[in-house]
Amino acid sequence: MTFQRIVIALLVLIVAGLGAVGYVEWKTAVQVRTLKAFVEGYVFNEAVMACEQAKSSTPFKWNGGKSTAVIGLNSVKPDKYNISASYTLVADSVYCDYDPIKRKAEIGSSFLERE
């Protein structure tokens, strides 16, 4: 009888622990989405200005463009110490990657192939 009680108590503790982990993960995901939306809103104007002023044979025209889209904030960890961030915009099939850390825009580049 005591063995059954111990097993039931352990199962209840495991279920409660999994529920707590799920709740903490959900709250963290909500906070990360909120932070990402804030950063994207903060960087958007700078990205548009830098992309429109970037020198390229293909002009990037966000204002007045027929088809514009925000791909969003991306990050890649090329090694264990560095994280490269990029904010990508598309205007009339012309891609522009904006680096919010360096405040530099590159038109027509592929973020994943960048050094």
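For the structure, check the block above.
Just so it is clear, the model here is predicted, and its values are computed rather than measured.

Asks: Hey, could you run me through the overall build of the protein in this one?
Replies: Along the backbone of the protein there are one helix and four strands. Secondary structure elements of the protein, listed N to C terminal, follow the sequence α-β-β-β-β. Relative to a compact globule of 115 residues, whose C-alpha radius of gyration would be 13 Å, the protein shows 23 Å and is clearly more extended. With the C-alpha coordinates aligned to their principal axes, the bounding extent of the protein is approximately 80 × 30 × 20 Å. Per-residue burial for the protein yields a buried fraction of 23% across its 115 residues. Looking at the protein alone, contacts between residues at least 24 apart form 43% of all its contacts between residues at least 6 apart. Surface accessibility of the protein: about 8,800 Å² in total, with carbon and sulfur atoms responsible for 61%. Positive and negative side-chain charges in the protein, numbering 13 and 11 respectively, have mean positions lying 7 Å apart.

Asks: Please explain the state of the cysteines as it appears in this structure.
Replies: Where two cysteines share a covalent bond between their sulfur atoms, that bond is called a disulfide. Taken as a whole and judged by the stated rule, the model has one disulfide. What pairs with C51 in a disulfide is C96, and their sulfur atoms sit 2.0 Å apart. Where C51 bonds to C96 through sulfur, the torsion about that S-S bond is close to -90°, and the disulfide is left-handed. Taken together, the residues C51 in helix α1 (residues 2–53) and C96 in strand β3 (residues 94–99) connect sequence positions 45 residues apart. The burial state of C51 is the same as that of C96; both residues are buried.

Asks: Please explain the nonpolar core as it appears in this structure.
Replies: Membership of the largest hydrophobic core comes to 16 residues, with the highest contact counts inside it found for F60, L89, Y98 and A105. Counting residues per element, this core draws most heavily on α1, at five residues. Leave out the neighbours within four places in its chain, and A105 touches A50, C51, A54, C96, D97 and Y98.

Asks: Sorry, what's going on with the sheet that holds strand β2 (residues 84–91) here?
Replies: Hydrogen bonding along the main chain pairs the strands of a sheet, whether they run parallel or antiparallel. With antiparallel pairing, the four strands of this open sheet are ordered in space as β1-β2-β3-β4. Two strands bound the open sheet, and with one partner strand each, they are β1 (68–76) and β4 (104–107). The average undirected angle you get between the axes of adjacent strands in this sheet is 20°. Bridging between β1 and β2 involves eight bridges; their strand directions are antiparallel. Across the sheet, residue L73 finds its bridge partner in β2, namely Y87.

Procedures and definitions
- Residue numbers run consecutively from 1 along every chain, following the written order of its sequence.
- With the structure being a predicted model, the display of local features is reserved for residues of pLDDT at least 70 and the display and counting of side-chain atom pairs for 80 or more, all residues being used for whole-chain, interface and lining totals.
- Side-chain descriptors were evaluated using all non-hydrogen atoms of the structure, hydrogens and water having been removed beforehand.
- Elements are defined by DSSP. Helices are runs of H or I of four residues or more, strands are runs of E of two residues or more, and each kind is numbered from the N terminus.
- All radius of gyration figures rest on C-alpha atoms, and the globule criterion is 2.2 Å times the number of residues raised to 0.38.
- Think of it in three bands: with a 1.4 Å probe and only protein chains considered, a residue is buried below 20% of the maximum accessible area for its type, exposed above 50%, and partly exposed in between.
- Note on contacts: a residue pair qualifies if any of its non-hydrogen atoms lie within 4.5 Å across the two residues.
- The method behind every accessible area is Shrake-Rupley, applied with a 1.4 Å probe, and residues are considered shielded solely by the protein chains displayed.
- Lys and Arg are tallied as positive, Asp and Glu as negative. Neither His nor the chain termini are counted.
- We put the charge of a Lys on NZ, of an Arg on CZ, of an Asp on CG and of a Glu on CD.
- The definition used for a disulfide is geometric: two cysteine sulfur atoms within 2.5 Å.
- By nonpolar core is meant a set of buried Ala, Val, Leu, Ile, Met, Phe, Trp, Tyr and Cys residues that side-chain atoms within 4.5 Å join together.
- When DSSP locates at least two bridges between a pair of strands, those strands are taken to pair.
- The axes used here are C-alpha line fits, helices contributing only the stretch in contact, and every angle between their N-to-C directions lies in the interval 0 to 180 degrees.

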